[in-house]
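Topology and contacts: notes
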Amino acid sequence: MKFNENIRNIAIIAHVDHGKTTLIDNMFSQSGIFRSNQNEPDRVMDNMDLEKERGITIAAKNCSVVWNDVKINIIDTPGHADFGGEVERALSMADGAVVLVDASEGPLPQTRFVLDKALEQNLELIVVINKVDRKDSRTAEVLNEIHDLFIDLNATEEQLEFTPLYAIGKDGQISKTPDKMEDNLFLLFDTILEKVPPPTHDENAPFQMLVSDLGYNDYLGRLAIGKIANGSARANDDLICMGKEETNPLRISKLQTYKGTEISTVEKAQAGEIIVLAGIEDVNIGDTICHRDEPVALKRIRVDEPTVHVLFTTNKGPYKGTEGKYVQSSKLRERLFKETLLNVAIQVEETEEKDSFLVKGRGEFQMVILMETMRREGYEFCVGRPEVNFHHENGQKLEPIKNLIIDCPEEHMGIVTEKLMKRKGQLVKVENNGERVKIEFSIPARSLIGYRDTFLTDTKGAGIMNSWYKGYEEYRGDFTTRFSGSIVADRMGKAIPYAIYNLEPRGIMFVEPGDLVYEGMVVGEHNRFNDLNVNICKEKKLTNIRAAGKDDNVVVTKIKPMTLEKAITFIKYDELVEVTPQSIRLRKTVLSAQKRHNISGQKKKNS
């Protein structure tokens with residue numbers, strides 16, 4: 001095997017909000033990517049609107065810097081387990097990884113998830129403890145926790161013998177000791193060149209590339225992105241694409257590589273380089289692009305199976321088509337199947353109903369991001385409540401289980417433990433650090449759907465909750481997650497202040513005066529377990545009798561705007577969320593109150 005000493009391919013691993021994107025910004029700045037007179041943008045790698053709004057990395061992205069004449073390709077990986085498919089395909093291009101850990105919070109579950117994948121691929125790891133300038137920094141304890149995590153993940157002795165670096169990412173500083181910082185990140189660059197092995201290749205083998213990512217350009221069409229495993233590529237080469245079942249010929253119309261945050265055109269690329277190929281129409285993530293004369297497929301990218309599914313269906317409400325650009329089932333189908341081409345962790349299945357599709361993924365947050373992306377693109381559709389994927393083996397019903405870690409003030413430990421026990425959680429470990437406690441649970445994945453809002457309320461916003469997928473275990477039994485019913489509109493029209501004001505004692509309202517409503521639309525949460533059909537369009541009757549206090553202004557309680565996260569976890573199994581570019585509405589699956597009454601009566605009769 002031969003090495004390409006001019007290239008290093010690294011992934012950046014970190015939990016959400018541990019400073020990964022800020023560190024990459026300073027790596028760009030100090031490596032000379034930006035001109036001296038150029039304004040340096042913040043959070044360069046978070047280029048999606050949703051990433052900027054939420055402050056997290058959703059999609060894995062590539063960029064590069066040059067240090068001492070060596071090109072360092074940087075792969076920015078998401079820090080959330082729901083986007084694990086992005087992690088698995090991104091790590092397939094890396095030869096090493098920088099593990100970034102907060103000096104106060106220590107290694108958290110999402111770090112664990114990505115680190116486990118990196119250890120599986122035997123990547124060379126560089127550990128960086130970030131934010132050592134925090135007042136609550138505890139570098140020594142965090143270093144011990146990192147060693148414990150490596151041991152838990154069955155790391156080899158060589159992987160355990162890492163030398164940690166200490167950084168203040170926002171200031172672009174790093175050193176080998178936490179108490180004396182250097183004024184730059186030069187040590188990090190030098191460590192990457194020293195520790196991360198250059199990509200290897202067989203110098204006698206023909207061109208081979210595993211497709212790890214896909215893109216699209218209005219002028220060039222479909223783009224295939226991946227690391228050259230063997231050989232070299234030139235523009236206009238005649239190659240083939242080996243898919244799961246069929247092989248298609250192709251010609252490279254344009255060959256590009258990453259230069260900083262941009263993509264630049266090149267005539268030739270060597271083994272070990274991460275390249276972007278244009279001129280390929282029928283290609284999927286995991287396919288192998290290779291030479292026609294020697295078609296040898298590389299090992300496909302393996303991803304963990306989905307754990308949850310959500311039903312997507314066309315909008316059949318009275319206001320369908322008034323707010324969205326794409327409302328037909330064919331458009332919805334096309335968009336969902338397009339997502340499977342770009343995201344290896346998403347699966348789409350057609351159902352018996354032509355206008356409904358079952359979308360499977362890693363978690364409800366991943367589903368929410370897909371929904372939010374689609375509504376911003378102009379799609380209008382309905383979705384059901386997320387449900388977990390059960391397995392059946394040897395006559396036993398199995399369900400996905402997660403490890404859950406709770407970090408909260410000690411006074412909230414009782415209520416948190418009580419509610420998680422009711423959701424079939426099993427207490428594994430408790431650590432009391434004085435004012436705060438860290439509690440670990442083994443809990444069904446379905447128990448955490450909709451629990452985050454409850455948790456934040458119970459801990460008064462002072463709790464931190466993180467989880468990671470553990471595996472499938474025996475079904476732990478049923479439990480109730482919602483103890484309230486729905487307040488349902490019984491007619492079409494506009495919500496009237498007088499009606500809302502008089503309904504407020506019955507529960508929490510979701511609509512404001514003037515909002516459009518229709519029969520079967522959920523307009524509030526009922527205080528009691530049963531559903532309540534109401535006339536929210538009722539106006540105050542006018543009379544010619546005047547009395548003191550008769551004409552007082554009606555003041556209704558201000559409502560919080562409904563979010564997709566809250567909506568899909570609030571609804572019951574006989575309800576849907578209507579998603580449009582302008583609105584998020586809750587509704588019954590069966591809109592007619594009479595039909596729902598008949599269905600309910602039939603169920604009671606059969607039982």
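Here goes a summary of the coordinates provided.

To continue, consider the packing of helix α10 (residues 413-422) against helix α11 (residues 451-458). As a packed pair, α10 and α11 sit with axes 10 Å apart at the nearest point and diverge in direction by 155°. Between α10 and α11, the interaxial angle falls into the category roughly antiparallel. Where α10 crosses over α11, the two elements pack in a sense that is right-handed. The residues of α11 that touch α10, namely those facing I415, V416, K419 and L420, are Y451, T454, F455 and D458. Residues that form the contact of α10 with α11 fall into these classes: 5 nonpolar, 1 polar and 2 charged.

Let's shift gears to the pattern of salt bridges. In the structure shown here, the tally under the stated rule is 34 salt bridges. Between R585 and E323 there is a salt bridge; the shortest N-O distance is 3.0 Å. Placement of the pair is R585 in strand β37 (residues 584-588) and E323 in the loop between β20 (308-314) and α8 (329-342), with a sequence separation of 262 residues. Note on accessibility: R585 and E323 belong to one class, buried. Between K588 and D574 there is a salt bridge whose closest N-O contact spans 3.2 Å.

Counting across every chain of the model gives 10 aromatic pairs. Judged by centre distance (5.6 Å) and plane angle (80°), the ring pair of F390 and Y475 falls under edge-to-face. Pair noted here: F390 is in the loop between β24 (387-388) and β25 (391-393) and Y475 is in the loop between β29 (464-474) and β30 (485-489), with a separation of 85 residues, a long-range link. Among the residues examined, F390 registers a relative accessible area of 32% and is labelled partly exposed. With a centroid separation of 6.0 Å and 40° between ring planes, the pair formed by Y451 and F455 is classed as tilted.

Looking now at the sheet that holds strand β15 (residues 254-259). The sheet built from 8 strands is open, its strands ordered β14-β13-β19-β10-β11-β18-β15-β16 with antiparallel pairing. Looking at which strands have only one partner, the edges of the open sheet turn out to be β14 (247-251) and β16 (262-265). This sheet shows a mean twist of 40° between the axes of neighbouring strands, independent of strand direction.

For the rest of this paragraph, the subject is the pairing of strand β5 (residues 96-102). Among the 7 residues in β5, 7 count as buried, and that is most of the element. Alignment of strand β2 (residues 7-14) against β5, held across 5 bridges, turns out to be parallel. Among the inter-strand pairings, I13 is bridged to a residue of β5, identified as V99. Viewed along the sheet, the connection from β5 through helix α4 (residues 109-120) into strand β6 (residues 124-130) turns out right-handed.

Our next topic: unusual backbone geometry. Even without glycine at this site, N68 takes up a positive phi of about 55°. Take N68: it is sitting in the loop between β3 (61-67) and β4 (70-76). Look at N68 and you get exposed, because its relative accessible area is 54%. For D69, which is not glycine, the phi dihedral falls at a positive 65°. Turning to its location among the elements, D69 is positioned in the loop between β3 and β4.

A contiguous patch of negative charge on the surface is contributed by E124, E157, E158 and E161. Along the chain, E124 falls in strand β6. For E124, a relative accessible area of 34% puts it in the partly exposed group.

This part covers empty space enclosed by the protein. Per the stated rule, a full pass over the model turns up 1 cavity of 30 Å³ or more. When its volume is computed, the largest cavity comes out at roughly 30 Å³. Taken together, V308, G363, E364, K402, A445, L448 and I449 make up the full set of residues lining the largest cavity. The residue makeup of the lining of the largest cavity, split by class, is 4 nonpolar, 1 polar and 2 charged.

With that out of the way, let us pick up the pairing of β4. Within a regular beta strand, the side chains point alternately toward one face of the sheet and then the other, so they alternate between its two faces. Counting buried positions over the 7 residues of β4 gives 7, a clear majority of the element. What you see with β4 is no split at all: V70, I72, I74 and D76 on one side and K71, N73 and I75 on the other are buried throughout. Both β2 and β4 contribute to a ladder of 6 bridges, which runs parallel. Along β4, the bridge assignment pairs A11 with I75.

Attention shifts here to the environment of Y472. You can see Y472 is positioned in strand β29. For the pair Y472 and V308, spaced 164 residues apart in the sequence, the C-alpha separation amounts to 13 Å. With sequence-adjacent residues up to four places away left out, Y472 is seen in contact with E305, P306, T307, N389, F390, H391, L398, E399 and P400. A distance of 2.9 Å separates a polar side-chain atom of Y472 from the backbone oxygen of N389.

Conventions adopted
- Residues numbered from 1 in each chain as written.
- Predicted model: local features only at pLDDT ≥ 70, side-chain atom pairs only at ≥ 80, totals over all residues.
- Heavy atoms only, no water.
- Axes fitted to C-alpha atoms, helices over the stretch in contact; angles between N-to-C directions.
- Helix = DSSP H or I, 4+ residues; strand = E, 2+ residues; numbered from the N terminus.
- Parallel < 35°, antiparallel > 145°, perpendicular 65-115°, else oblique.
- Left-handed = near helix turned anticlockwise from the far one by under 90°.
- Contact = heavy atoms within 4.5 Å.
- Nonpolar A, V, L, I, M, F, W, Y, C, P; charged D, E, K, R; others polar.
- Salt bridge = Lys/Arg side-chain N within 4 Å of Asp/Glu carboxyl O.
- Buried < 20%, exposed > 50% of the residue type's maximum accessible area, 1.4 Å probe, protein only.
- Phe/Tyr/Trp six-rings, centres within 6.5 Å; stacked < 30°, edge-to-face > 60°.
- Pairing = 2+ DSSP bridges.
- Right-handed = clockwise from strand over helix to strand, strands pointing away.
- Patch = residues over 30% accessible without salt bridge, like charges linked within 9 Å, V, L, I, M, F, W, Y side chains within 5 Å.
- Areas by Shrake-Rupley, 256 points an atom, 1.4 Å probe, with all protein chains shown as cover.
- Lys, Arg positive; Asp, Glu negative; His and termini not counted.
- Charge placed at Lys NZ, Arg CZ, Asp CG, Glu CD.
- 1 Å grid on protein atoms, 1.4 Å probe; cavity = no way out; pocket = protein on both sides within 12 Å on 5 of 7 lines; lining within 4 Å.
- Points joined across faces, edges and corners; volume = space filled by probe spheres on them.
- Polar contact = N/O pair within 3.5 Å; in protein donor to acceptor, adjacent residues only side chain to side chain.

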